[in-house]
Each structure stands twice: as structure tokens, then as C-alpha cells.
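# Fold and geometry: a report
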Amino acid sequence: RSGLDAAAASPARSAEAAAMSGAHLSKDFFELIKNIGECKSKQEEEKIVTNEVAALRQRFSESPASVGQKKMKEAIVRMMYVEMLGRAADFGHIHAVNMTQQQNTLSKRVGYLACSLCLHPEHELITLLVNTIRRDLKSSNHLEVCAALIAVSKLVNPEILPAVIECITDLLGHQHEVVRKKAVMALHRMHLVSPGCLSSLHNKLRQVLCDKDPAVMGASLHALHQLITEQGGAFKDLVPSFVSILKQITEHRLPSSFDYHRMPAPWIQIKLLQVLASLGHADQRASEHMYEVLYDVLKRADTGINIGYAVVYECVRTITAIYPNVQLMETAANHISRFVSSENHNLKYLGIKSLASIVQVNQKYALEHQLVVVDCMEDPDETLKRKTLDLLFKMTNASNVVFVVDKTLDL
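As the structure is a computational prediction, the values presented were derived from the model and not from experiment.

### Describing the overall build of the chain
- A tally of regular secondary structure across the chain gives 24 helices and two strands.
- Once the C-alpha set of the chain is aligned to its principal axes, its extents read approximately 85 × 55 × 45 Å.
- Burial statistics for the chain: of 411 residues in total, 48% are counted as buried.
- Surface summary for the chain: the accessible area is close to 21000 Å², and the carbon and sulfur share equals 52%.
- For the chain, the distance from the average site of its 45 positive side-chain charges to the average site of its 44 negative ones is 5 Å.

Rendered as C-alpha cells:
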């Protein structure tokens, strides 16, 4: 039976893939794209787009029955393209809303995509979407659920939030990981729109942190970080969990699909470091749990590639934000000194910013590198010179003021 099910599902998947690749769109549409791409002037493009807007206005004025679903779907795609080029096509927005109510999955997804791109949270047509969104959030087709969740993340406002939050909360336990991830993202967006709406969902978000899929866990970090920033005391007990997750990532225990240039899940690492910075601020007990893993992150991330430098920079910011540790601070300063000595302007700038963070904790860790910092004043990059001057001002004290002033005057 499972073989028969797979055989039956395969054509459906093939049809969906062909549809999403653009096979459902007419040759005329691709000709439009080609013509706009080959325009030699803005005036030439304006003429083509103006003609297209007129054609769309005519198409949308016809009855949907006479146009047909396939042509109406293409007209909505064309409307999105026109709006992306900066022209208003609001006469077609209601047709995008109507398209979300179609039974065909592809048509529904096109409708939701158009609504997400063309409408805004305060748009008058949002109210017409609420019942459709609620119905699709309960659909057995996970593609329809995902389309509705994407629209919610873009269009939710305080008025429609109560109507959908319960449905979305239920999706945190959905069998498909992509649905669970988008549900977490939608809840995060809801919190940004209406702070406090997740107050009863803290335990559910804690459970999502332990989701078996790393992508779902990674999405939960953004919502949790927001809550921690606002009420960190309620999440102090999660410090060991965050440390454990970060340790697993640095040890390459996540699937290789999360690697970027052989760096394990760098964006999840960065978000975890930001979370730890918030939880460890002025808290010695919480910070002591972090020292070992932060040292490990510094050591493993310094691989000589840009994404590694990004992780190192965020790690240094975390080290300077939590309760200070002498050895860790010295290690961070040594890593950053290599940034400042680099020939790369971006790395130099990153190094100066990092040393500025270190100076705020204790001057002495940056003073060892003052010669390298002063050399940055000779760089032709004006932005870097201004940042360096700010750092020198913070580093200057009674013992080095003569040296710093002399060097500055010599420039």
C-alpha cells in the first residue's frame, strides 16, 4: 500500500514542482519579463509598464467566470510584478484576496503571496482574509497552512490577532517541521505587533526550544530572545539549555545542511550568543556557566573566513556584556587584535568596534594594542578613522595621554 501511495503522490509532487517553476505561466508573460529586462532607458520601461497596467485593468474588469482561474492567476502574478516595479495596481488587490479562497493549492498560494506583497497590516481588505486564514491554518495540506502562516507574519495587526493566535499555537505540535517553524515565526511577529500576547505561551516556547528539528529550534531563539530582553529573569533557568545547544553546534553535531562554508550553523550560533549576552549581563552565576563554551566558540570560529569573523565578533560582544572573566577577556582581546592588524578595511572596522566594547569593561585589555590602534589613524578610510579616534579617546589615560596626543598630531 505504501508503494501505491508513493506512486500516487509522485505525480502530484511533479505537477506542483512544474507549476512553481513557472510552467503554468504563458509565453506572453515571459516575453514581458524579457522586454523589460532589455530596456535601454527608464522611459522605455515606463512605456511597457504603462501598457501592462492598462491591460491588467481591462482584464480585472471582466468577470472571473469569463476570464478563467488560470488567466486570473497569471494576471495576479503580473500585478505583483508591476507593483514591484513601482507602479500602483491596487485595482487588482481584491482579486488577490479572492484568489486565496480557491480550492486549488497553487492558486491559493499565489493569492496569499500577492496579499503579502501588496497589502499592509492596516489595509482595509485584511478583514476579508481572516476567515480564509483561519480555515487554511486548519487545512490538512501543509502547503496551504504554510501559505496562511506567511501571510499572517506579514499582515497581522492587533485587531485580527485574537482570531488567529489560538490556531497558530496549535500548530507548534504539527507533524511537519516547516509548519512548526513558520508557526514560531508568526508568534514572534505577533509579539512584536502586540507585546504581551505570548505571556501565556512561555512554556510552549520552552518546549519548542527542544524541538527535534534544528530549524524549528533556531526560529524559537528569536522569539525567546525578544522575551528575554524584556523580562530576562523569567528565563534564567534556560542558561544551561542554551549553553548545551551552542556546545552541540560547535562540535558539529547538527546536520551538515546547516553548515555555511564549513562553519556549523553560524546564524544560530550568533543568535545564541546574543541570548547569552542578555542572560549573563550583571549575573555572575549565570555567566559562569557560559565561560567554557564561549572560549570554545572563539577558538573554533577563528578560521580565517568572513562568517567565522562574524561569529568571533558576536562572541566578543557577548564576553563584554556578561559578568567579566579575566582570562576570557584577554583571549577576546588577542583575537580582536588580529582584526585590527588586518589589511581588510572591514575587519579593521570590526576590530576597532570590538576593542571599544572591551574598553568599556576594562581599559587595560585594549591598552596592550594601542600601537596597532594608532596605526589605524593613517588609514585612508574616513569612517574607520573616526571610529579609531573615538576608541583612542576612551583608551586615553594619565599614563598614555602624551603618546596618544603626539601620535595624533603627527598625522
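Here the narrative resumes, following the displayed structure.
### Comments concerning the nonpolar core
- In this structure, I168, M190 and F242 are the most contacted members of the largest nonpolar core, which totals 128 residues.
- Those residues in contact with M190 that sit more than four places away from it in its chain are V152, V156, L161, V164, I165, I168 and C197.

### Points about a nonpolar patch on the surface
- A cluster of nonpolar side chains, V401, V402, V405 and L409, forms an exposed patch at the surface whose accessible area comes to about 360 Å².
- Within the fold, V402 resides in helix α24 (residues 401-410).
- You can call V402 exposed: its relative accessible area is 58%.

### Quick notes on helix α9 (residues 142-155)
- Taking 1.5 Å per residue as the helical rise, α9 with its 14 residues ought to reach 20 Å, and the 20 Å between its terminal C-alpha atoms agrees with that figure.
- Restricting attention to buried positions, one finds in α9 the residues E144, V145, C146, A147, A148, L149, A151, V152 and L155.
- Taken together, the buried residues of α9 touch α7 (105-118), α8 (126-137), α10 (161-170) and α11 (177-193).
- Where α9 begins, the side chain of N141 points an oxygen toward the backbone nitrogen of L143, at a separation of 2.9 Å.

### Things to note about the packing of helix α15 (residues 266-280) against helix α18 (residues 306-321)
- At a minimum axis distance of 9 Å, the contact between α15 and α18 shows a crossing angle of 10°. As the angle between them shows, α15 and α18 are arranged roughly parallel. Counted together, P266, W267, Q269, I270, L273, Q274, L276 and A277 of α15 and I307, A310, V311, E314, C315, T318 and A321 of α18 form the full contact between these two elements.
- A per-class count over the contact of α15 with α18 returns 11 nonpolar, three polar and one charged.

### What to know about unusual backbone geometry
- Positive phi, normally seen in glycine, also occurs at H261, with a value near 50°.
- On the basis of relative accessible area, H261 is assigned to the exposed category, the value being 54%.
- If you check the backbone angles, A265 has positive phi at about 35° while not being a glycine.
- Mapping A265 onto the fold places it in the loop between β2 (263-264) and α15.
- On the basis of relative accessible area, A265 is assigned to the buried category, the value being 4%.

### Considering the packing of α18 against helix α20 (residues 345-361)
- Taken N-terminus to C-terminus, the directions of α18 and α20 make an angle of 10°; their axes are 9 Å apart at the nearest point. If you check the angle between α18 and α20, you find them roughly parallel. Regarding α18 and α20, the two cross each other, and that crossing is left-handed. Seen from α18, the contacting residues are Y309, Y313, V316 and T320; seen from α20, they are L347, L350, K353, S354, S357, I358 and V361.

### Comments concerning the packing of aromatic side chains
- Per the stated rule, a full pass over the model turns up five aromatic pairs.
- With centroids separated by 5.2 Å and ring planes inclined at 80°, the aromatic side chains of Y309 and F339 adopt a geometry described as edge-to-face. Separated by 30 residues along the polypeptide, Y309 in helix α18 and F339 in helix α19 (residues 326-340) bring together distant segments of the chain. The same class applies to Y309 and to F339, which are both buried.
- An aromatic cluster of at least three residues, connected via ring pairs, comprises F29, F30 and Y81.

### Here we look at the pattern of salt bridges
- In this structure the tally under the stated criterion is 17 salt bridges.
- One salt bridge connects R78 with D28, and the closest N-O pair in it is separated by 2.8 Å. With a gap of 50 residues between them, R78 in helix α5 (residues 69-84) and D28 in helix α2 (residues 27-37) connect regions that are remote in the sequence.
- Taking relative accessible area as the criterion, R78 reaches 8% and is therefore assigned buried.
- Note that K385 is salt-bridged to E382, the shortest N-O span being 4.0 Å.

Basis of the calculations
Residues numbered from 1 in each chain as written. Predicted model: local features only at pLDDT ≥ 70, side-chain atom pairs only at ≥ 80, totals over all residues. Heavy atoms only, no water. Helix = DSSP H or I, 4+ residues; strand = E, 2+ residues; numbered from the N terminus. Buried < 20%, exposed > 50% of the residue type's maximum accessible area, 1.4 Å probe, protein only. Areas by Shrake-Rupley, 256 points an atom, 1.4 Å probe, with all protein chains shown as cover. Lys, Arg positive; Asp, Glu negative; His and termini not counted. Charge placed at Lys NZ, Arg CZ, Asp CG, Glu CD. Core = buried A, V, L, I, M, F, W, Y, C linked by side-chain atoms within 4.5 Å. Contact = heavy atoms within 4.5 Å. Patch = residues over 30% accessible without salt bridge, like charges linked within 9 Å, V, L, I, M, F, W, Y side chains within 5 Å. Salt bridge = Lys/Arg side-chain N within 4 Å of Asp/Glu carboxyl O. Expected span 1.5 Å × (residues − 1). Polar contact = N/O pair within 3.5 Å; in protein donor to acceptor, adjacent residues only side chain to side chain. Axes fitted to C-alpha atoms, helices over the stretch in contact; angles between N-to-C directions. Parallel < 35°, antiparallel > 145°, perpendicular 65-115°, else oblique. Nonpolar A, V, L, I, M, F, W, Y, C, P; charged D, E, K, R; others polar. Left-handed = near helix turned anticlockwise from the far one by under 90°. Phe/Tyr/Trp six-rings, centres within 6.5 Å; stacked < 30°, edge-to-face > 60°.

Read these as spatial facts, not as claims about activity.
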